[in-house]
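# Structural characterization, general
The primary structure of each chain is shown beneath.
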Amino acid sequence: MKSRGTVLSVLSVQRPYVSVLLIRMFFLASLPSLPEKIKMSLRKQTPSDFLKQIIGRPVVVKLNSGVDYRGVLACLDGYMNIALEQTEEYVNGQLKNKYGDAFIRGNNVLYISTQKRRM
């Protein structure tokens, strides 16, 4: 470790950016390998990947009007048109209606989020 510190200090005088690079390389090399589950969570995911993964799961769909629809995501298309099953309509956090199946036009959708648990 002392010899590396000495080398780094010599290089930092001549080229400061080289020492930062060497410190980063040393630090990354000293890390134990991460568990596979953590590596998967660090991988970048596209919105399309996310939407494919949540089909069949409970979701919350928030509309531009502020109304929430909670249900099981049956399917969706490229225009964000959504089909929900076991749908509940919430206005200002209050349950207003229950529907078997609901179809939501994509241009009304503000966001889709996974639901932690059914209420």
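Before going into details, it helps to say that this report is about the structure given with it. Treat the numbers as computed from the prediction; the structure is a model and nothing was measured. (Residues numbered from 1 in each chain as written. Predicted model: local features only at pLDDT ≥ 70, side-chain atom pairs only at ≥ 80, totals over all residues. Heavy atoms only, no water.)

## Regarding the overall build of the protein chain
In plain terms, the rule: Helical segments are the DSSP runs of H or I of at least four residues, strand segments are the runs of E of at least two, and each set is numbered from the N terminus. Whether a residue is buried, partly exposed or exposed follows from its accessible area with a 1.4 Å probe, protein chains only, as a fraction of its type maximum: under 20%, in between, or over 50%, in that order. Contacts: residue pairs with any heavy atoms within 4.5 Å of one another. Computed with the Shrake-Rupley method and a 1.4 Å probe, the accessible areas treat only the protein chains shown as cover for residues.
When helices and strands are counted, the protein chain shows four helices and five strands. Along the protein chain, helices and strands appear, N-terminal first, in the series α-α-α-α-β-β-β-β-β. Looking at the protein chain as a whole, 24% of its 119 residues are labelled buried. Considering only residue pairs separated by 6 or more positions, the protein chain has 39% of its internal contacts joining residues 24 or more positions apart. By element, 58% of the accessible surface of the protein chain is carried by carbon and sulfur atoms, the whole surface being about 9,200 Å².

## Overview of the pairing of strand E2 (residues 68-76)
We count it as follows: Here the rule is simple: two strands pair whenever DSSP picks up at least two bridges between them.
Note that strand E1 (residues 58-63) and E2 share five bridges and pair antiparallel. Note that in E2 the partner of Val59 across the bridge is Gly71. Two successive antiparallel strands, E1 and E2, enclose a turn made up of four residues, where Gly66 displays a positive phi of approximately 100°. The antiparallel hairpin formed by E2 and strand E3 (residues 82-91) contains five residues in its connecting segment, where Met80 sits at a positive phi of about 70°.

## Notes on the sheet that holds E2
Defined as follows: Geometry is summarised by axes, namely lines fitted to C-alpha atoms with helices restricted to the contacting stretch, and by angles between N-to-C directions that run from 0 to 180 degrees.
Across the sheet, which stays open at both edges, the five strands sit in the order E4-E3-E2-E1-E5 with antiparallel pairing between neighbours. A single partner strand is all that each edge strand has here, and the edge strands are strand E4 (94-104) and strand E5 (109-114). Going across the sheet, the axis of each strand differs from the next one's by a mean of 25°, ignoring polarity. Pairing between E2 and E3: seven bridges, direction antiparallel. Bridging across to E3, Cys75 finds its partner in Ala83.

## With respect to the packing of aromatic side chains
Note the cut-off: Pairing of aromatic side chains here covers Phe, Tyr and the six-membered ring of Trp, requires ring centres within 6.5 Å, and sorts the geometry by plane angle: under 30 degrees stacked, over 60 edge-to-face, intermediate tilted. Lysine NZ or arginine CZ positioned within 6 Å of the ring centre and within 35 degrees of the ring normal marks a charge as sitting over the ring.
Counted by the stated rule, this structure contains zero aromatic pairs. Sitting above the plane of the Tyr90 ring, Arg70 keeps its charged end 4.1 Å from the centroid.

## Quick word on the side chain of Glu89
Condition: By the counting rule applied here, Lys and Arg register as positive and Asp and Glu as negative, while His and the ends of each chain are not counted. Any Lys or Arg side-chain nitrogen found within 4 Å of a carboxyl oxygen on Asp or Glu counts as a salt bridge. Pairing of N or O atoms within 3.5 Å defines a polar contact, subject to two protein rules: one partner must be a possible hydrogen donor and the other a possible acceptor, and residues neighboring in sequence count only if both atoms are side-chain atoms.
The topology assignment puts Glu89 in strand E3. Buried charge without a salt bridge: Glu89, with Lys96 as the nearest opposite-charge side chain at an N-O distance of 8.7 Å. Separated by 3.1 Å, the side chains of Glu89 and Tyr99 make a polar contact. Contacts of Glu89, omitting those with residues within four sequence positions, involve Val67, Asp68, Tyr69, Gln94, Leu95, Lys96, Asn97 and Tyr99.

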